[in-house]
Amino acid sequence: MAEKNTPLLAVLQLLRKYNLKGTEDILRKEASLGDVEFENLDLPEVELASILTSHHTESDPYSYEFAYDNLKKFIENSLDIYKHELSTLLYPVFVHMYLALILYDHNEHAANFLEKFGVEQEDYYQDDLKRLAIVKHKDQIKGNELAEIYSTNKFVVQLSRDASSQLKRFLQEQKSSTVIINIINNHIQVEVHDGPGRTQAQVRSTTGGLLGEATRNENRTKVYYGLLKEPDIQVLPAPVEDEEEAEETPDKPKKKKAKKENIFMKKPKSDPNAPPNDRIPLPELKETDKIEKGKAIREASKRIQLGPETLPSICFYTLLNSGHTAICTDICDGSTLLAVGFSNSCIKVWTLTPVKLRGMKSAEKLLDIDREAGDVLVRMMEERDRDTCRSLYGHSGPVYKVAFDPFKTMLLSASEDSTVRLWSLQCWTCLVVYRGHVWPVWDVRWSPHGHYFVTSGHDRTARLWATDHHQPLRIFSGHLSDVDCVQFHPNSNYVATGSSDRTVRLWDCLTGTQVRIMTGHKSTIFTLAFSVCGRWLASGGNGELIVWDISTGTPGAILPPLHTAPIHALAFSRDGTILSSGSLDCSIKLWDFNAITEEANGEEVSTNNAVQKEDKYLLRSFATKNSPIKGLHFTRRNLLLAVGSYEGSS
Amino acid sequence: MGDSEFAYGSSMSVDSMKTIAESIGIANLGDDAAKELADDVTYRLKLIVQDSMKFMHHSKRQKLSITDIDNALKIKNIECQYGFIQPDSLPFRFASGGGRELHFVEEKEVDLSDILSAPPPKIPLDVSVRAHWLSVDGVQPTVPENPPPLSKEAQKLESVDPISKLSKPTNKDAAGKPMCGKAARLKASESVHVKQLATHELSVEQQLYYKEITEACVGSDEGRRAEALQSLACDPGLHEMLPRMCTFISEGVKVNVVQNNLALLIYLMRMVKALLDNQSLYLEKYLHELIPSVSTCIVSRQLCLRPEMDNHWALRDFAARLMAQICKTFNTSTNNLQTRVTRLFAKALQCPSQTNNETGVGPSMVTSMKESEKTPLASLYGAVQGLAELGPEVIKVFILPRVRWLGERVEGALSGLGGADRLAAGNLKHQLLKVLAPVVRQLRQPPDLPEEYKRDYGYLGPSLQQAVSKIRSSPSGGGGGGAVAVVTCTPPLVPAAPSPSPSHHTSHISHGAKTVETIATRNVVISAAPAPQSPAPSTPPPQKFVIVSQQKAPQMVSAQPASGGHIVVHSSQPAIVRSQNVQSVVVTSGPAGGAAGGPAGGAPQKVVVVGVQPPHHLAPAAPAQPAALTAAHVSQAPVSVVAKPVFARGGAAPPPPELDDLSHLA
């Protein structure tokens, strides 16, 4: 009964909407419909429109197949320069035809349609098709994540001006069948861009998103991707260098000074792309933080310059006896601590240096300490503690991410129990539980300047927090599926997110708006990393690795898919010359990042063939012994630390 | 059609719905209802599986687990399925009947009292972190923690199709496998690649390693030999030296068989064992060198200078076990390795007048043959041993039919004059009984009548009958055919060996000049004085016994796979990164002295007693190689193995452990 009445009900709804009471009553009488059915019907606006406009095709499921065939023929016969752009239309048209067939209860035809044309779709859409294929009945459309996304959003297709006029001409010729016209009108947003039609490679590089490509308008906003001036550095060098001179032979520091001056010379030069320093209020540095910073600078001066000729050494930390229980790892900025989150909701922290992990003294003992003493920080720690590993308990679900703050005093963890916890590395207890996410939290990252952190989760949002607020400061919503990973920009003004909807987005922390949407990934994005200079963003998916240019929001380079399993770790060397990627296929690959950026800057001079590219970008690959890589970290001196868990020989 | 159906998913069948409905008490579910249910269940199951994939990805795994499903249910506000967490996958069982086919998961009833009374399971090992260098300045060091530079598959491919190496693009090094030092350096000048195939050149380090290893393996320093064998057994990246190693072994065997240099042969066999144990090597290419060498050590007419004295039997046993291992590892349908090896041994067992034997014409013919035409007894022993190691089926088919003839040979030799022959015959007889008894036990029904045995098996019949009934009566003999492989070795037949008694071993301290090398803390070295009742007049007075005991520690290996990653030299500990069970136990054969005392603990232990001749009785056999000179000090050692380790334990000992692996010996 419902199937017969769907259009009638839709008409009723329309009448109700325009408040045409009299007509509604007449219709109701004539069709002898009760009030009850009407209440049940709350079709979305778009569906309503499509039902009403395509009413007469409803009875003819064969017209869909015919229309799709026609569209395909038109695209095949069009000129080469338009062909590739136009072919991006096929997938959305196909999906909506399928959904329409289901909606009109032509379930058999829908299944046939899917079987016949499904295999022709691009291979990166096949996973989506499989997910869509489980919708076999119209009741299932409502409540199905993917079907709802498709029916409530418009799929974006970019066409050149000529291609779009070709399309228009074709649609006008198809007067007999309005199926395609309806779908294009209701569900597809055609973005017309000036300039010549794009090549196959160009089209391929940006397609793949759940809802097609990003529109150009969305990426117009200026992004301040430059680095912040480091105000504290001016204060610090003097004491640092004093220390150094005291430590080392008198003739050596001279060289160092010269080098260091270089570092300082570079930074104060104001970067035209840098945001003002006070754009985001940043926390004042504490005394202890300054010491840590000082250490960092001193270490940095001993850094080895890396390049294609001088590859880094890799120290591999194997987690033994962990099986599949170890999930995430993090190494603190100073490379002294290693944290691992486990599926049994426990977190373990190891020290990687001979320094033991000490807890703070009890309150009574702390009273006895002279607070003015120079070494108060040392004195307040219990000197009897000699642990090399400490466990933190509190979560009630698998821990999906742990993160050390830049100053090594706190640790954040995100878990399946939908909470984020802040732990103190001095008391070794939990300080705060941040509740806000509704479902599992997948990722958490600190701002490089501390204080702020950002989380993302299954609830399709990313949230910005400050450690002293129990509520999020910003909620970044817009992703169509899980937000799987987040990353703070080095200047703390932006947050990048990667999602299962196969887009990477960049959000402004100040305004909370989306400033970039980057499409081109063909699979879920699992990890993100900003380059040291702040302009590039590397993102890793299921074997794919793409480097984005944030200034334009376009893919700077698509690295050859040499990883055969999801990439879960990315790290830039401290001098920004090498990008390392670690994957579940038990290998670490080193990429020549200078070559990648040069290529992207020279932009499309000539698209070399893939083999040559492989040669050019990939420097070396290292296999581990059945230990999937879970974390990568460059020390300040450019030694690469990798963490993986040994999964036994088999 | 079928393809696309597969691509876009399968669905629950109406039949399953009906079956499930029946199982919960709904007898007749309508077809429509079942169809409706099946569709809905399919849809919901798929949704749940989709969501659980997310949890799998975020747990950084590539295999879906039950906890993922649980988590997916949780975010849908459905209660988890409790009690399904299991380490391995649940096997589906299949049943059909009444025209219906059914897949189900077997649910066993568990007796709670069993679980309660069982000892608590072992506490899982704590997670620990271990650091190693994955790369040093862009070069991956070949340490056991890193994967072997050339995987076994690649080695295999190379052996099957050597051209593939040439045709591979040069960037393969950069893209695929890590490189060892030399290749990394060569990468700079890319032209060199082609040459490698032909020359097999070794780097200076490799040459040095080769020299050191081979010297240590055949040298006199037992500690170094242990290190060397350990290195051979677990170092990755030996494949470049493998051809040379194999040639070394095969040449060594050729020379030393001629020289009758027993000790060196043992050392070479131990090298073979170590190479076989190395998981990163693909040995198939070199079997043509190894198999003849090993089989030589099994069936050769003579392996030592004085067959009546030296225990070459142990070498034959060990080599036979090696051969069995080779057959097990490398036998394929194309190379028919096991068939060929079996044929080789079977040929040795064939009496020259084969037909007579088969038709049962009998003893007169055989005895009438000239002595010289017969296969020597030692070779027969080796062949029997070699076949026995291949399993009960082989014993049944190849040894059992010849037992009558073998018995006649034994009988003849025992009644004959030659001392060596008598000894050999005794050994052969003992071996035959041990090997055959379990098989015969399986073949025959209980009433074991000596007459029947006599009729069926000839001379050996009665003894065999005794052995069989002994197995039948002992409760531990229930192992059946499998017991064949567990060998307790030739005890009292070597005249030089004393019948050891507890007092011997615990009381005597050697007067050897050198200090003892205690190989590992678990190894106890005891020396004993010669047995006074030693029958052979030529036996030199002082006999030394080295007892090496080893705790069985394979559990440790499996439980903590990578913990022992470093090769622990000087230790018999089989803790290797891969959980291969490397039993590189060392026997010190030098003059020993010092530490006495029974091995501690109730764990199963293996005890081997080796008698060593003192050096001053050396026959000045001209050694073939310089290395043999050093080895000569321990050569011609009558090696005997004590079957009952209880003796060595000194009286109050736990139940006798099995002496199953002679690998410590050799």
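The coordinates are above.
Residues numbered from 1 in each chain as written. Chains lettered and ligands numbered in written order. Predicted model: local features only at pLDDT ≥ 70, side-chain atom pairs only at ≥ 80, totals over all residues. Heavy atoms only, no water.

### Topic: the overall build of chain A
Put simply, the rule reads: Helix and strand labels come from DSSP, where a helix needs a run of H or I of at least four residues and a strand needs a run of E of at least two; each type is numbered from the N terminus. Each residue is placed in one exposure class: buried if its accessible area under a 1.4 Å probe, protein chains only, is under 20% of its type's maximum, exposed if it is over 50%, and partly exposed if it falls in between. Whether two residues touch is decided by their heavy atoms; if any such pair falls within 4.5 Å, the residues are in contact. To measure how exposed things are, a 1.4 Å probe is used in the Shrake-Rupley method; for residues, cover is taken only from the protein chains shown.
Per the secondary structure count, chain A includes 22 helices and 29 strands. A total of 650 residues make up chain A; the buried ones form 58% of that total. Long-range pairs, those at least 24 residues apart, make up 60% of the contacts in chain A with a sequence separation of at least 6. Accessible surface computed for chain A: about 27,900 Å², of which carbon and sulfur atoms make up 52%.

### A look at the packing of aromatic side chains
Going by this rule: Note on ring pairs: Phe, Tyr and Trp rings are taken, using the six-membered ring of Trp, and paired if centres are within 6.5 Å. Classes follow the plane angle, with under 30 degrees stacked, over 60 edge-to-face and the rest tilted.
As enumerated under the stated definition, the model contains 20 aromatic pairs over all chains in all. Ring geometry for Trp442(A) versus Phe55(B): centroids 5.3 Å apart, planes at 70°, classification edge-to-face. Linking Trp442(A) in strand E12 (residues 441-446) with Phe55(B) in helix H3 (residues 31-58), this pair reaches from one chain into another. Given the relative accessible area of 2%, Trp442(A) is considered buried. According to the relative accessible area criterion, Phe55(B) is buried, its value standing at 0%. Taking the centre distance of 6.0 Å and the plane angle of 5° together, the rings of Phe453(A) and Trp465(A) count as stacked.

### Topic: the sheet that holds strand E15 (residues 474-477) of chain A
Residue and element names in this part refer to chain A. The condition is simple: At least two DSSP bridges between two strands are required for those strands to pair. Axes, fitted as lines to C-alpha atoms, cover a helix only where it is in contact. Angles between the N-to-C directions of the axes lie from 0 to 180 degrees.
Pairing within the open sheet is antiparallel, and its 4 strands lie in the order E12-E13-E14-E15. Each edge of the open sheet is held by one strand with a lone partner, namely E12 and E15. Averaged over neighbouring strand pairs, the angle between their axes works out to 20° when direction is ignored. Across 5 bridges, the pairing between strand E13 (residues 452-457) and strand E14 (residues 461-466) is antiparallel. Residue threonine 455 lies in a different strand from E14, and its bridge partner there is arginine 463.

### Describing the pairing of strand E16 (residues 483-488) of chain A
If a strand is regular, its side chains alternate between the two faces of the sheet. All names here are of chain A. For E16, the tally of buried residues reaches 6 of 6 residues, placing the bulk of the element in the interior. Across 5 bridges, E16 lies against strand E17 (residues 494-499) in antiparallel orientation. Within the sheet, the bridge partner assigned to valine 486 lies in E17 and is threonine 497. Taking the residues that link successive antiparallel strands as the turn, the E16-E17 hairpin has 5 residues, and the phi of serine 492 there is positive, at about 65°.

### What about the sheet that holds strand E11 (residues 430-435) of chain A?
Residue and element names in this part refer to chain A. Spatial strand order, E8-E9-E10-E11: 4 strands in an open sheet with antiparallel pairing. Taken across any chain shown, the strands that pair with only one partner, and hence form the sheet edges, are strand E8 (399-404) and E11. Strand-to-strand twist in this sheet, taken as the mean axis angle between neighbours without regard to direction, amounts to 20°. When strand E10 (residues 419-424) meets E11, the two strands line up antiparallel, connected through 5 bridges. Looking at E11, one finds that arginine 421 is bridged to valine 433.

### Digging into the environment of Pro628(A)
All names here are of chain A. Structurally, the position occupied by proline 628 is in the loop between strand E27 (618-623) and strand E28 (629-634). The class of proline 628 is buried, set by a relative accessible area of 5%. Sequence separation between proline 628 and glycine 582 is 46 residues; the distance between their C-alpha atoms is 8.0 Å. When residues no more than four places from it in sequence are discounted, the contact partners of proline 628 are Ser583, Leu584, Cys586, Val643, Gly644, Ser645 and Glu647.

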